[in-house]
Amino acid sequence: MEKLKRPLNEDETEKQELSLPQKKYYRQRAHSNPIADHDFDYPSCPEAYDWSTLYPDIKNEKSNIYNKHVEMLDIGCGYGGLLVTLSPMFMDSMILGMEIRVKVSQYVIERIKALRANQPNCYDNIACIRTNAIKYLPNFFKKGQIKKMFFLYPDPHFKKSKHKWRIINDTTLSEYAYVLAEKALVYTVTDVKDLHEWMVKHFSEHGLFKRVEDDDLKDDPVVDKLYESSEEGKKVTRNNGDKFLAVFMRIKDPDL
């Protein structure tokens, strides 16, 4: 006779609800067309977005005014490895991940929810939203708001006909420059040499960015975390692949 399962008590139910999500249930094809029409919710302007839905302590309860604003942005954050890594390093900074894929972004949201529940007062400074950064970045951020921006192992879109889909191009760099503060840093890492050279070329030819020399990055605590904090980075390491790093600074507009 089959043994009947007893109902879970309150503690067991809570423990089950707070378990970390499993990636196998959130797998999705790596390629997504950022130019195609998707169903996204986005604010009409940065002031119209309620950031308190993402960050529990970002708004002063008495004055209803934001204490802080998002200053670090991981574009194409994947499964959120960098967000989780940076959270304890920059506890006073609000960090946001943007991911275009439905299941992947949902995984990150559930992951952060579980981390916060299991470790109270931790990870309150990170969040993730599903959106298309190529199209809607100025809808979320004011001019000069972002101090650090990350592009870790972006989709290389190997076919020449799809190079226009790459997250780094002439048009998108101007969008990024708009939301970046002067002297803000943009970190790029990839295992594809052709894409690395593409990104370096486009950043170097743009009038609002200059490359940061490797010697000037030795004391940057973020750099060492970029190679393997993401799932893609760990995969490259397992396959003994190469990793190409390039960091760029947002410079003052020479026309001003």
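Residues numbered from 1 in each chain as written. Predicted model: local features only at pLDDT ≥ 70, side-chain atom pairs only at ≥ 80, totals over all residues. Heavy atoms only, no water.

Peer 1: Outline the sheet that holds strand 3 (residues 126-130), supporting the account with residue identities and numerical values.
Peer 2: In a beta sheet, neighbouring strands pair by backbone hydrogen bonds and run either parallel or antiparallel. Pairing within the open sheet is mixed, and its 7 strands lie in the order 3-2-1-4-5-7-6. Two strands in the sheet have a free side with no partner beyond their single neighbour: strand 3 and strand 6 (209-211). Sheet twist, expressed as the average angle between the axes of neighbouring strands with direction ignored, equals 20°. Where strand 1 (residues 70-75) lies against strand 4 (residues 146-152), 3 bridges are found, and the strand directions are parallel. Directly across from L73, in strand 4, lies its bridge partner M149. Sitting on the sheet, helix 3 (residues 102-118) touches strand 2 (94-99) and strand 3, and the angle it makes with strand 3 is about 155°. (Pairing = 2+ DSSP bridges. Helix = DSSP H or I, 4+ residues; strand = E, 2+ residues; numbered from the N terminus. Axes fitted to C-alpha atoms, helices over the stretch in contact; angles between N-to-C directions. Contact = heavy atoms within 4.5 Å.)

Peer 1: Can you explain the pairing of strand 3? Please cite residues and give values.
Peer 2: Working note: regular strand, side chains alternate between the two faces of the sheet. Within strand 3, 4 of the 5 residues are buried, which leaves it mostly tucked inside the rest of the structure. Across 5 bridges, strand 2 lies against strand 3 in parallel orientation. For L96, the partnering residue across the bridge sits in strand 3 and is A127. On the question of chirality, the crossover connecting strand 2 to the parallel strand 3 by way of helix 3 is right-handed. (Buried < 20%, exposed > 50% of the residue type's maximum accessible area, 1.4 Å probe, protein only. Right-handed = clockwise from strand over helix to strand, strands pointing away.)

Peer 1: Go over the nonpolar core, please, and point to the residues and values.
Peer 2: With 44 residues, the main nonpolar core has W51, L96, L137, F141, M149 and Y176 as its most contacted residues. For F141, the residues in contact, after removing those within four places along its chain, are P46, W51, V70, L73, L96, M98, I146, Y178 and V179. V84, C128, Y153 and V236 belong to the second largest nonpolar core, which has 31 residues in total. (Core = buried A, V, L, I, M, F, W, Y, C linked by side-chain atoms within 4.5 Å.)

Peer 1: Report on the packing of aromatic side chains, specifying residues and quantitative values.
Peer 2: Tallied over the entire structure, the rule returns 12 aromatic pairs. When the ring of W51 is compared with that of F140, the centres are 6.4 Å apart and the planes differ by 65°; the resulting orientation is edge-to-face. Pair noted here: W51 is in the loop between helix 1 (10-17) and strand 1 and F140 is in helix 4 (residues 133-140), with a separation of 89 residues, a long-range link. Taken as a pair, W51 and F140 share a single burial class, namely buried. When the centroid spacing of 5.2 Å and the interplanar angle of 50° are considered together, the rings of F151 and Y176 count as tilted. (Phe/Tyr/Trp six-rings, centres within 6.5 Å; stacked < 30°, edge-to-face > 60°.)

Peer 1: Go over the UniProt feature "binding site: S-adenosyl-L-methionine" (unreviewed entry) in the protein chain, please, and point to the residues and values.
Peer 2: Summarizing the sequence annotation, UniProt attributes the feature "binding site: S-adenosyl-L-methionine" (unreviewed entry) to G76, E99, I100, N132, A133, L152, S230, E231 and E232 in the numbering used throughout. Inspection of the secondary structure puts E232 in helix 8 (residues 231-238). (UniProt positions renumbered as here; feature names shortened; annotations may be inferred.)

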